[in-house]
Amino acid sequence: QLRLVESGGDLVQPGGSLRLSCAASGFTFDYYIVGWFRQAPGQEREGISCINSINGSTYYADSVKGRFTISRDNAKHTVYLQMNNLKPEDTAVYYCAVQYFGLTSVQDMCLNPPLSRRQGTQVTVSQ
């Protein structure tokens, strides 16, 4: 059974850093594109970054380019999102999702944020 667990969210001051983790189990992790998404109250879901380990491709939303870095450790079945220079507008619930690499691309996946019924991990950027 496919399972994803997000962690690493916290309260941080503007300019600070956090690293989120998405731990996966129950499926062949290497063959899936993994994406990070976020949703703030009253706002649309947003695809932040997606990564494909088959071809090494990544995608970043313009809002986080140069500040966030996605990476994955296939041996640990985990994808990380390193977030630097955090801004108040980064405040949101962050969640990860996966899709089989043959069915989408990193850009398509990130531009079509899926619904998530999981709790995700809360990131709050505030003084």
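Here the residue numbers are simple positions, counted from 1 along each chain's written sequence. Residues qualify for local features only when their pLDDT is at least 70, as the model is predicted, and side-chain atom pairs are given and counted only at 80 or more; totals for whole chains, interfaces and linings, by contrast, use all residues. Computation of side-chain values covers all heavy atoms of the structure but excludes hydrogens and water.

K.L.:
Before we move on, can you summarise the overall build of the protein chain with the specific residues and values?
P.N.:
Regarding its fold elements, the protein chain presents 1 helix and 10 strands. Elements are defined by DSSP. Helices are runs of H or I of four residues or more, strands are runs of E of two residues or more, and each kind is numbered from the N terminus. Along the protein chain, from the amino end to the carboxyl end, the secondary structure elements read β-β-β-β-β-β-β-β-β-α-β. In terms of C-alpha radius of gyration, the protein chain reaches 13 Å, essentially the compact-globule figure of 14 Å for 127 residues. Seen along its three principal axes, the alpha-carbon backbone of the protein chain occupies a region of about 40 × 25 × 25 Å. Counting only residues that meet the buried cut, the protein chain has 43% of its 127 residues in that class. Put simply, the protein chain shows about 6,800 Å² of open surface, and 45% of that area lies on carbon and sulfur atoms. Counting 11 positive and 10 negative side-chain charges, the protein chain places the centres of these two groups 4 Å from one another. Between the two quantities, the radius of gyration covers C-alpha atoms and the globule rule is 2.2 Å times the number of residues to the power 0.38. Between buried and exposed lies partly exposed: a residue is buried under 20% and exposed over 50% of the maximum accessible area for its type, with that area taken using a 1.4 Å probe on protein chains only. In this description, accessible areas are obtained by the Shrake-Rupley approach with a 1.4 Å probe, and a residue is regarded as covered only by the protein chains that are shown. Positive charges are assigned to Lys and Arg, negative charges to Asp and Glu, while His and the chain termini are left out of the count. Charge coordinates come from a single atom per side chain, which is NZ of Lys, CZ of Arg, CG of Asp or CD of Glu.

K.L.:
I'd like a rundown of the environment of S126, residues and numbers included.
P.N.:
Summarising the element assignment, S126 is placed in the segment after β10 (121-125). When checking whether two residues touch, look at their non-hydrogen atoms; a contact exists if any pair is within 4.5 Å. Each residue touching S126, except ones within four places of it in the same chain, is listed here: L11, V12, Q13 and P14.

K.L.:
Break down the nonpolar core for me, with residues and values.
P.N.:
If you look at the biggest cluster of nonpolar residues, it comprises 28 residues, and the most contacted ones within it are W36, F68, V79, L81, M83 and Y94. Those elements that place two or more of their residues in this core are β3 (18-25), β4 (32-39), β5 (46-51), β7 (68-73), β8 (78-83), β9 (92-100) and β10. The set of buried Ala, Val, Leu, Ile, Met, Phe, Trp, Tyr and Cys residues whose side-chain atoms join them within 4.5 Å is what this entry labels a nonpolar core.

K.L.:
Account for the pairing of β10, naming residues and giving values.
P.N.:
Only one face of β10 is buried: it carries T121, V123 and V125, and the other face, with Q122 and T124, is open. A strand pair is defined by DSSP finding two or more bridges across the two strands. Two elements, strand β2 (residues 11-12) and β10, share 2 bridges in a ladder whose sense is parallel. Bridge pairing links L11 to T124 in β10. Examined bridge by bridge, β9 and β10 share 3 bridges and lie antiparallel to one another.

K.L.:
Residues and numbers for the sheet that holds β7, please.
P.N.:
With antiparallel pairing, the 4 strands of this open sheet are ordered in space as β1-β3-β8-β7. The strands lining the two open edges of the sheet, one partner per strand, are β1 (3-7) and β7. On average, each strand axis in the sheet is tilted by 15° relative to the strand beside it, whichever way the strands run. In this structure, β7 lies alongside β8, joined through 6 bridges in antiparallel fashion. From the neighbouring strand, S71 faces β8, where its bridge partner is Y80. Angular values range over 0 to 180 degrees, each being the angle between N-to-C directions of two axes fitted as lines to C-alpha atoms, with helices fitted over their stretch in contact.

K.L.:
For the pattern of salt bridges, give the residues involved together with the corresponding values.
P.N.:
A carboxyl oxygen of Asp or Glu within 4 Å of a side-chain nitrogen of Lys or Arg is what we treat as a salt bridge. Under the counting rule described, the total for this entry stands at 5 salt bridges. Notably, a salt bridge pairs R38 with E46, separated by 2.8 Å at the nearest N-O pair. Accessibility expressed as a relative area gives 6% for R38, which makes it buried. On the accessibility criterion, E46 (26% relative accessible area) is partly exposed. When salt bridges that share partners are traced, they join R38, E46, R67 and D90 into one network.

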